[in-house]
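# Structure assessment
Each chain, letter by letter, is given below.
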Amino acid sequence: MDAITASARVAALSNAQIAELLTGAAESADGHRKRALQRAARAAFQWPEEAAAVVAEGRSLTQLPQVGPWIATAIESLLADPPEHVEPPEIRRGFLALAEARATLAANPDALASLRSDLQMHTTYSDGRATLREMVRAAATRGYAHVAITDHSKGLPIANGMDEARLAEQARDIAAVNEELASSGQRIRVLHAIEMNLSPSGDGDMDPAALASLDLVLGAFHSKLRVTEDQTERYLAALRNPDVQVLAHPRGRRYNVRLGLRADWPRVMRAAAESGKALEIDAHPDRQDLDVELLRVANQAGAFVSIGTDAHSVGELGSIELGLAAALRAEVPRARILNFMAAEELAAWVSDVRANG
Ligand SMILES: [Zn+2]
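Here the structure is a predicted model, which is why all the values come from computation and not from measurement.

### Looking at the overall build of the protein chain
Each helix and strand in the protein chain was counted, giving 15 helices and seven strands. Relative to the 2.2 N^0.38 estimate, which gives 21 Å for 357 residues, the radius of gyration of the protein chain is 21 Å and therefore close to what a compact globule would have. C-alpha extents for the protein chain along the principal axes are approximately 70 × 50 × 40 Å. Here the protein chain holds 357 residues, and 53% of them are scored as buried. Here the protein chain has roughly 15400 Å² of accessible surface; of this, 52% comes from carbon and sulfur atoms. One finds the centroid of the 38 positive side-chain charges in the protein chain at a distance of 2 Å from the centroid of its 48 negative side-chain charges.

### So, unusual backbone geometry
In this model, Asp289 is joined to Leu290 through a cis peptide bond whose omega is 5 degrees. Within the element layout of this structure, Leu290 appears in the loop between strand S6 (278–282) and helix H13 (292–301). At His249, a residue that is not glycine, the phi angle is positive and equals roughly 20 degrees. Take His249: it is sitting in the loop between strand S5 (246–247) and helix H12 (265–275). Under the relative-accessibility criterion, His249 is labelled buried at 2%. Look at Gln288: it is not a glycine, yet its phi comes out positive at around 45 degrees. Structurally, Gln288 can be placed in the loop between S6 and H13. Overall, the relative accessible area of 6% leaves Gln288 in the buried class.

### Considering the domain arrangement of the protein chain
Interfaces are often sized by the amount of accessible area the parts lose when they come together. Along its sequence, the protein chain is organised into domain 1 (3–88) and domain 2 (100–356). A C-alpha centroid distance of 33 Å is found between domain 1 and domain 2. Taken together, the six residues of domain 1 in the interface contact five residues of domain 2. In this assembly, domain 1 packs against domain 2 so that about 510 Å² is buried in total across both faces, 41% of it on carbon and sulfur atoms. Counting the contacts that link domain 1 with domain 2 gives one salt bridge. With a closest N to O distance of 2.5 Å, Asp286 and Arg42 form a salt bridge. On the surface where domain 1 and domain 2 come into contact, there are one residue pair in polar contact (both at pLDDT 80 or more).

### Describing the sheet that holds strand S4 (residues 216–221)
Ordered by their spatial adjacency, seven strands build an open sheet running S1-S2-S3-S4-S5-S6-S7, and the pairing between neighbours is parallel. Each end of this open sheet is capped by a strand with a single partner; those strands are strand S1 (117–118) and strand S7 (304–308). The strands touched by helix H14 (residues 320–329) are S1, S6 and S7; relative to S7, the strand with the most contacts, the crossing angle is about 160 degrees. Helix H15 (residues 343–356) contacts strand S2 (146–149), strand S3 (189–198), S4, S5, S6 and S7 of the sheet and is inclined by roughly 60 degrees relative to S4.

### Comments concerning the packing of helix H2 (residues 15–27) against helix H3 (residues 31–44)
How two helices pack is summed up by the angle between their axes together with the distance between the axes. For the pair H2 and H3, the least separation of the axes is 8 Å and the interaxial angle reads 160 degrees. One element, H2, and the other, H3, form an angle in the roughly antiparallel class. As H2 runs across H3, the sense of the crossing is left-handed. Residue-level inspection shows Asn15, Ala19, Leu22, Thr23, Ala25, Ala26 and Glu27 of H2 in contact with H3, the latter providing Lys34, Leu37, Gln38, Ala40, Ala41 and Ala44. Residues belonging to the contact of H2 with H3 are distributed by class as follows: eight nonpolar, three polar and two charged.

### Digging into empty space enclosed by the protein
Across all of its chains, the model carries one cavity of 30 Å³ or more by this definition. There is about 50 Å³ of room inside the largest cavity. Every residue lining the largest cavity is listed: Gly94, Leu96, Ile281, Asp282, Ala283, Gln288, Leu290, Asp291, Val292, Leu322, Gly323 and Ala326. Of all the secondary-structure elements, those providing two or more residues to the lining of the largest cavity are S6 and H14. Sorting elements by how many residues they give to the lining of the largest cavity places H14 first, with three residues. Split by residue class, the lining of the largest cavity holds seven nonpolar, three polar and two charged.

### Quick look at the coordination of the zinc ion
Surrounding the zinc ion are the protein donor atoms Glu195 (OE), His222 (NE2) and His249 (NE2), which sit 1.9 to 2.2 Å from the metal. Mapping the donors of the zinc ion onto the primary sequence gives the spacing E-x26-H-x26-H. Residue His222 is located in the loop between S4 and helix H11 (232–240), and its partner His249 is located in the loop between S5 and H12; the two are separated by 27 residues in the primary sequence. On the basis of relative accessible area, His222 is assigned to the partly exposed category, the value being 23%.

About the cut-offs
All chains use their own residue numbering, which begins from 1 and follows the written sequence. For this predicted model, a pLDDT threshold of at least 70 governs which residues receive local features, and a threshold of 80 or more governs which side-chain atom pairs are given and counted, while totals over whole chains, interfaces and linings are taken from all residues. The basis for the side-chain values is all heavy atoms of the structure; hydrogens and waters are excluded. Only DSSP runs of H or I reaching four residues or more are called helices, and only runs of E reaching two or more are called strands; each is numbered from the N terminus. With C-alpha atoms as the basis for the radius of gyration, the globule rule is written as 2.2 Å multiplied by the number of residues raised to the power 0.38. When a residue's accessible area, from a 1.4 Å probe over protein chains only, is under 20% of the maximum for its type it is buried; when over 50% it is exposed; and in between it is partly exposed. Only the protein chains shown count as cover for residues, and all accessible areas are computed by the Shrake-Rupley method using a 1.4 Å probe. Asp and Glu are treated as the negative residues and Lys and Arg as the positive ones, with His and the ends of the chain left uncounted. Charged groups are reduced to one reference atom each: NZ for lysine, CZ for arginine, CG for aspartic acid, CD for glutamic acid. Throughout the structure description, domain borders are defined by an automatic or database domain assignment. We call two residues contacting when some pair of their heavy atoms lies within 4.5 Å. The term buried area refers to how much accessible surface (probe radius 1.4 Å) is lost by two components on association, counted for both of them together. Salt bridge, as used here: a side-chain nitrogen of Lys or Arg that lies within 4 Å of a carboxyl oxygen of Asp or Glu. As used in this structure description, the phrase polar contact means that two N or O atoms lie within 3.5 Å; if the pair is within protein, one of them must be able to donate a hydrogen and the other to accept it, and residues adjacent in sequence are counted only when both atoms belong to side chains. Strand pairing is assigned whenever DSSP identifies at least 2 bridges connecting the two strands. Every axis corresponds to a line fitted to the C-alpha atoms, with the helix fit spanning only the stretch in contact, and the corresponding angles, defined between N-to-C directions, vary from 0 to 180 degrees. Just so you know how the angles are binned, under 35 degrees is roughly parallel, over 145 roughly antiparallel, 65 to 115 roughly perpendicular, and the rest oblique. Left-handed is the label given to a crossing in which the near helix is rotated counterclockwise from the far helix by less than a right angle, and right-handed is the label when the rotation is clockwise. Residue polarity is assigned by list, with Asp, Glu, Lys and Arg as charged and Ala, Val, Leu, Ile, Met, Phe, Trp, Tyr, Cys and Pro as nonpolar; anything else, Gly included, falls into the polar class. In this analysis a 1.4 Å probe is tested at points of a 1 Å grid over the protein atoms alone, and where it fits but cannot get out there is a cavity; an open set with protein on both sides within 12 Å along at least five of seven lines is a pocket; lining residues have an atom within 4 Å of a point. Grid points are joined across faces, edges and corners, and a volume is the space filled by probe spheres set on the points. For Na, K and Ca the donor cut-off is 3.2 Å, and for all other metals it is 2.8 Å, counting N, O and S atoms only; because water is absent from this set, sites may look incomplete.

Given below as structure tokens:
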């Protein structure tokens, strides 16, 4: 093989494909090697650059997280002689790795800087690990104009969901935080939102009067996520719920754990577009829900899209890169992505959706 052919083949194997090949190798390995392969496969999705590029530049792969000398040699062999096809099973398909997301962002240099908000994150009011003020302080360093705090509602006690009284207490705390931010000259503002639990019939679990005073209401399914029958009716019912503006992590899938729900997606996306509501890109690395493929369907239908990291800690705010890259890959126009709206535009959008029911 000549050098040009070799480098062309090397460039063809992405970190996500390497992850899949390491996962396959782990299945036939034992003991500490099995665990090392599994750890490296998971870490590959978070490597900051393509392993192929590291090797092509003559650098050692051991500088990447979870890559020791033995794993480095295994990856070098894969890159030197890649298989013709790498096709993950459905439960691991359609997940972007950080390095490829960053390549997409690099090709759209102003996109990340133009993003005004992150529209899903949790605090210690429900199951987040950081307090409200810690999350806002961390989000401020990312340059956002506003963020939506979306703690869980009472129907999800396992996530310490809030009832109406605690939601009201949180409203007072958020108002105080916004005053502190304004008086200290900071740009960022906090939107009071919620991730309301939806029953499989699309009903919420909170008093509509309490929801009406919020800046944004996300609705999400957290039960019966493993059913295999078509769930189109469930989605149509959720989109008819007058209290909800954004359908969060629509499919409920999780990397290598759960496939997520099935539906007649073009029909669901058309209903979303007609209602004027938004479908979410939950940018958590293990969710990526919607993914690029379904975002293309949503885009075709003309539906709005909302990007949220679903961060439960300060570090997870960085996942916004995965969500934005997915939207860019699906070519969703900025005018239909809530995160590019200024706070007043978003507020006007929410009132329009509420007025439409
Ligand atoms: Zn959720």
